[in-house]
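Geometric and topological summary
The residues making up each chain are set out below.
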Amino acid sequence: GQQLNQSPQSMFIQEGEDVSMNCTSSSIFNTWLWYKQDPGEGPVLLIALYKAGELTSNGRLTAQFGITRKDSFLNISASIPSDVGIYFCAGQRRGSQGNLIFGKGTKLSVKP
Amino acid sequence: DVKVTQSSRYLVKRTGEKVFLECVQDMDHENMFWYRQDPGLGLRLIYFSYDVKMKEKGDIPEGYSVSREKKERFSLILESASTNQTSMYLCASGQPGGSGGENIQYFGAGTRLSVL
């Protein structure tokens, strides 16, 4: 099945730094979602985006739905140790009845 | 809060055993999904269901079957477990588009299955 191109695969950053990751696709999506997965747990929804150009924040997290409808990015400002985990993007194409296509994830490590 | 509960966090089974993974959701969601997650491969869809007694194959259905006798419960069955089915299994539920909370899938905590 199709997967989204998510980059980078991994990041090692210093506490306090900002983080940016993105997902791209060759298909148009009508929904973009960003999830975080802590070690040994299931993914938890961070942000949902439904309109091209939409910019949404959740605390230190900001995500945008690309205007071409084929990409999305997630920014984390002033990272802290508990930001460690794997971040997944997920997209849904029109008419796919709720099925999502997932990126392979960005593994974030934060050095105190 | 939405709750998706997977019956076991860890399971160890022998090759050839029949394995049942159970998932229950409490939000009256119509859609339910089973994924497996392996390092470097991301989440891969095994089976999904849009309604009671309905099932659809995902990207990697071989070696698996599912059962959805009640709306809140979706079971994944490994008919004859093999070592290459050692993985993290994630269940999710959600509503179809146009019904509010569009397309969001809520995940359980996962079942880490080891087949020896």
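Higher on the page you've got the structure.
Bear in mind the structure is a predicted one, so any value in this text is a computation, not a measurement. (Residues numbered from 1 in each chain as written. Chains lettered and ligands numbered in written order. Predicted model: local features only at pLDDT ≥ 70, side-chain atom pairs only at ≥ 80, totals over all residues. Heavy atoms only, no water.)

Observations regarding the layout of surface pockets
Put simply, the rule is: Using protein atoms alone on a 1 Å grid, points that fit a 1.4 Å probe yet trap it form a cavity, whereas open point sets bounded by protein on both sides within 12 Å along at least five of seven lines form a pocket; residues with an atom within 4 Å of a point count as lining. Grid points are joined across faces, edges and corners, and a volume is the space filled by probe spheres set on the points. Counting from the N terminus, the helices are the DSSP runs of H or I reaching at least four residues and the strands are the DSSP runs of E reaching at least two. The nonpolar class holds Ala, Val, Leu, Ile, Met, Phe, Trp, Tyr, Cys and Pro. Asp, Glu, Lys and Arg form the charged class, and all remaining residues, Gly among them, are polar.
The space that makes up the largest pocket amounts to roughly 550 Å³. If you go around the largest pocket, you meet 23 residues; those closest to its centre are A:Gln37, A:Ile86, A:Phe88, B:Gln37 and B:Pro39. Taken together, the elements giving at least two residues each to the lining of the largest pocket come down to β9 (85-92) and β11 (106-111) of chain A together with β4 (31-38) of chain B. Top contributing element to the lining of the largest pocket by residue count: β11(A), with four residues. For the lining of the largest pocket, the residue count by class is seven nonpolar, 11 polar and five charged.

Focus on the interface of chain B and chain A
What counts is decided by this rule: Any two residues whose heavy atoms approach within 4.5 Å at even a single point are treated as in contact. Once two parts are brought into contact, the accessible area they lose, counted with a 1.4 Å probe and summed over both, makes up the buried area. Here, a salt bridge means any Lys or Arg side-chain nitrogen found within 4 Å of an Asp or Glu carboxyl oxygen. Under this definition, polar contacts are N or O atom pairs within 3.5 Å; protein pairs additionally need one hydrogen-donor-capable and one acceptor-capable atom, and for neighbouring residues in sequence, both atoms have to be side-chain atoms.
Opposite the 23 residues of chain B that make contact, chain A presents 23 residues. Roughly 1800 Å² of surface becomes buried between chain B and chain A when both sides are summed, with 50% attributable to carbon and sulfur atoms. Broken down residue by residue, the surface that chain B buries against chain A is led by B:Leu43, B:Tyr50 and B:Asn103, which jointly contribute 29%. Taken together, chain B and chain A are joined by one salt bridge. The closest approach of N and O atoms between B:Arg9 and A:Glu41, which form a salt bridge, is 3.4 Å. Counting across the chain B and chain A interface gives six residue pairs in polar contact (both at pLDDT 80 or more). At the level of secondary structure, the elements contributing two or more residues to the side of chain B that touches chain A comprise β4, β5 (42-49), β9 (87-94) and β10 (105-107) of chain B. Residues belonging to the side of chain B that touches chain A are distributed by class as follows: 12 nonpolar, eight polar and three charged.

Quick word on the sheet that holds strand β7 (residues 64-70) of chain B
Residues and elements named next belong to chain B. Spelled out, the test is: Two strands are counted as paired when DSSP detects at least two bridges linking them. Here an axis means a line fitted to C-alpha atoms, over the contact stretch when the element is a helix, while the angle between two N-to-C directions is reported on a 0 to 180 degree scale.
The strand order β1-β3-β8-β7 describes an open sheet built from four strands, whose pairing is antiparallel. The open sheet has two edge strands, β1 (4-6) and β7, and neither has a second partner. Strand-to-strand, the axes of this sheet are offset by a mean angle of 20°, without reference to chain direction.

With respect to the pattern of salt bridges
Residue and element names in this part refer to chain B. Quick note on the threshold: Each residue is assigned to one of three classes by its accessible area relative to the maximum for its type, calculated with a 1.4 Å probe on protein chains only: buried under 20%, partly exposed between the two thresholds, exposed over 50%.
Inspection of every chain in the model, using the stated rule, returns eight salt bridges over all chains. Residues Arg44 and Asp38 are paired through a salt bridge, measuring 2.8 Å at the closest nitrogen-oxygen approach. You can call Arg44 partly exposed: its relative accessible area is 23%. Look at Asp38 and you get buried, because its relative accessible area is 13%. Across the pair Glu69 and Lys53 runs a salt bridge, and its minimum N-O distance is 2.4 Å. Of the two residues, Glu69 is situated in strand β7 and Lys53 in the loop between β5 and β6 (56-57); the sequence distance between them amounts to 16 residues. The pair formed by Glu69 and Lys53 is uniform in burial state, with each residue classed as exposed.

Brief notes about the state of the cysteines
Selection rule: Any two cysteine sulfur atoms lying within 2.5 Å of each other are counted as a disulfide.
Here the structure, examined in full by the defined rule, presents two disulfides over all chains. In this model, A:Cys23 is linked to A:Cys89 through a disulfide, with the two sulfur atoms separated by 1.7 Å. Across the S-S bond of A:Cys23 and A:Cys89 the torsion is about -85°, and the bridge reads as left-handed. Here the residue A:Cys23 occupies a position in strand β3 (residues 19-24), and A:Cys89 occupies one in strand β9, the gap between them amounting to 66 residues. Of the two residues, A:Cys23 and A:Cys89, neither departs from the other in class, the shared state being buried. Two residues share a disulfide in this structure: B:Cys23 and B:Cys91, whose sulfurs sit 1.9 Å from each other. When the S-S torsion is -75°, as for the bridge of B:Cys23 with B:Cys91, the disulfide is left-handed. Highlighted residues: B:Cys23 in strand β3 (residues 19-25) and B:Cys91 in strand β9, separated in sequence by 68 residues.

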